[in-house]
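Inside the fold
Chain by chain, the residues:
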Amino acid sequence: MKHSLHALLTLLFLCSSCGHPSDGGAEVWRFAIEETADSVQDRYAQAFKRRIEERLEGAVEVKVYPYGALGTSDDLTEQLRMGSLQFAMASPGHLGKSIPELQVFLLHFLFPDEDATTLAAVRDPSFRAVLRPLFQDKGMEMLSVLPEGWMVWTTQKEIRQPQDFEGVKIRTMTSPLLLAAYQAYGASPQAMPYGEVYSALQLNMIDAQVNPIFAIEEMSFFEVCDYLIQARPAPFMTTVVANRDFLENLPPATRDVVIEVIDEVDLEISQVQMDLNEERLKRMLDSKPELVVIQLSEEERQAFRRLSLPVRDLFMETAGDYGREVLRVLEESIARASTK
Ligand code: 6CS
């Protein structure tokens, strides 16, 4: 209800011309991201903007809205569905509340260690095909799936085994499966929007949170923690989405340009993402050398992996037959990608 009101007010505020030029100037396409300037999502959206504007020769201007400008991730999804945004990033960590099958991306120890294999699996046409109807049913078109780097725990204490999580209040994104994932380790997870995490850590309302390295730096979470724990439970994933009616109603040649540009940006972004994560880790350690970085050993990871397996059953229960199919196709895509 609160989100609907927020979306409606934003729609009225933004949508005086709903993307169409009123003065013969460029048509405006609005692209909202769930992260701040110079994040992985921002680099993606800026590359999309540059190429679209160039390719469509000034007929279109892409406006990129960073996190906070238009509300939380849930607000962005709602605005996209209502048509006040044409493009947005929508992460399964939040979108899984309304599309439970997407929580497949949140399962721990499902994706392989090799980034290239994960990338090939999420690009596999059969996996994309099984995901697409889930978005279409909600008025969206899924254009891409994007890994943004391994999830890292930021904590106040050393965590090497599940018992160390006992009593730790860890913030997760808002999809319910994430609560189950951390409850399985014995932690006390709490879901909240991205924008509230820093102050919750600062005020000791939570002790820990989980995000990829670049995000820990961009949101300054490292300032309010002592440890970065690299257990590689799952990569952070997002999806790039468009309003379905908007995309369907584009002239075919323009729609082809959008698809071409998405393919091109997809190819560039994996290296950008890896570089950003590496660079931001250095930056954090330069500004806070006492930060302790711990890489769990394979044996230590196995203890978490064992506890994570029953959460797959919970996923299958809550995501139903179609969710089981999504998991099956993803596992096949991972297996295919691993043999390449
Ligand atoms: O933790 C979150 O809520 C957010 N984390 C990242 C890296 N991107 C967007 C998402 O909303």
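Our subject is the structure listed above.
In this report, we go over the structure that sits alongside the text. Just so it is clear, the model here is predicted, and its values are computed rather than measured. (Residues numbered from 1 in each chain as written. Predicted model: local features only at pLDDT ≥ 70, side-chain atom pairs only at ≥ 80, totals over all residues. Heavy atoms only, no water.)

1. Comments concerning the overall build of the protein chain
Using the following cut-off: By the criteria applied, helices consist of DSSP H or I runs no shorter than four residues and strands consist of E runs no shorter than two, each listed in order from the N terminus. Computation of the radius of gyration draws on C-alpha atoms, with the globule rule given as 2.2 Å multiplied by the number of residues to the power 0.38. What makes two residues a contact is simply this: any of their non-hydrogen atoms within 4.5 Å. The method behind every accessible area is Shrake-Rupley, applied with a 1.4 Å probe, and residues are considered shielded solely by the protein chains displayed. Only four residue types enter the charge count, namely Lys and Arg as positive and Asp and Glu as negative; His and the chain termini do not. For charged residues, the charge sits on one atom: NZ in Lys, CZ in Arg, CG in Asp, CD in Glu.
Within the protein chain, the secondary structure is distributed over twelve helices and eleven strands. Its C-alpha atoms give the protein chain a radius of gyration of 20 Å, within 12% of the compact-globule value 20 Å for 340 residues. When the backbone C-alpha atoms are referred to their principal axes, the protein chain occupies close to 60 × 40 × 40 Å. Looking at the protein chain alone, contacts between residues at least 24 apart form 76% of all its contacts between residues at least 6 apart. Of the accessible surface of the protein chain, which amounts to about 14400 Å², a share of 53% is contributed by carbon and sulfur atoms. Positive and negative side-chain charges in the protein chain, numbering 33 and 52 respectively, have mean positions lying 2 Å apart.

2. Some words on the site of the ligand
What counts is decided by this rule: Definition of nearness: a residue and a molecule or strand are near each other if at least one heavy atom of the residue lies within 4 Å of the molecule or strand. Polar contact criterion, stated in full: a pair of N or O atoms within 3.5 Å, where within protein one must be able to donate a hydrogen and the other to accept it, and residues adjacent in sequence count only if both atoms are side-chain atoms.
Around the ligand, the neighbouring residues are Glu34, Glu35, Ser73, His94, Arg171, Met173, Tyr194, Asn211, Pro212, Ala215 and Phe236. For the ligand, an oxygen atom lies 3.4 Å from a polar atom in the side chain of Ser73.

3. A look at the sheet that holds strand S4 (residues 140-150)
The test is simple: Only when DSSP finds a minimum of two bridges between them are two strands counted as paired. As a rule, the C-alpha atoms of each element are fitted with a line to give its axis, helices using only the stretch in contact, and angles between N-to-C directions run from 0 to 180 degrees.
Taken in spatial order, the five strands of this open sheet run S2-S1-S3-S10-S4, and their pairing is mixed. The open sheet has two edge strands with one neighbour each: strand S2 (60-65) and S4. Averaged over all neighbouring strand pairs, the angle between strand axes comes to 20°, with direction disregarded. Along the sheet, helix H3 (residues 73-82) contacts strand S1 (27-32), strand S3 (87-90), S4 and strand S10 (235-243); its crossing angle with S10, the most-contacted strand, is approximately 25°. Sheet strands in contact with helix H6 (residues 125-136) are S4 and S10, and its direction is about 120° off that of S4.

4. Side note on the nonpolar core
Threshold: Buried Ala, Val, Leu, Ile, Met, Phe, Trp, Tyr and Cys residues form a nonpolar core when they are joined through side-chain atoms within 4.5 Å. Under the scheme applied here, a residue whose accessible area is under 20% of the maximum for its type counts as buried, over 50% as exposed, and between as partly exposed, the area being computed with a 1.4 Å probe on protein chains only.
Ranked by internal contacts, the top residues of the largest apolar core, which has 62 residues, are Val104, Phe105, Phe127, Leu131, Trp153, Phe165 and Tyr182. Dropping the residues within four chain positions of it, Tyr182 is found in contact with His108, Trp153, Phe165, Ile170, Thr172, Ala187, Pro189, Val210 and Pro233. Grouped together as the second largest cluster of nonpolar side chains are 49 residues, Val64, Leu201, Ala242 and Phe246 included.

5. Focus on unusual backbone geometry
In this structure, Glu57 is a non-glycine residue whose phi angle is positive, near 50°. In this structure, Glu57 sits in the loop between helix H2 (40-55) and S2. Backbone geometry places Arg232, a non-glycine residue, at a positive phi of 50°. With respect to the helices and strands, Arg232 occurs in the loop between strand S9 (227-230) and S10.

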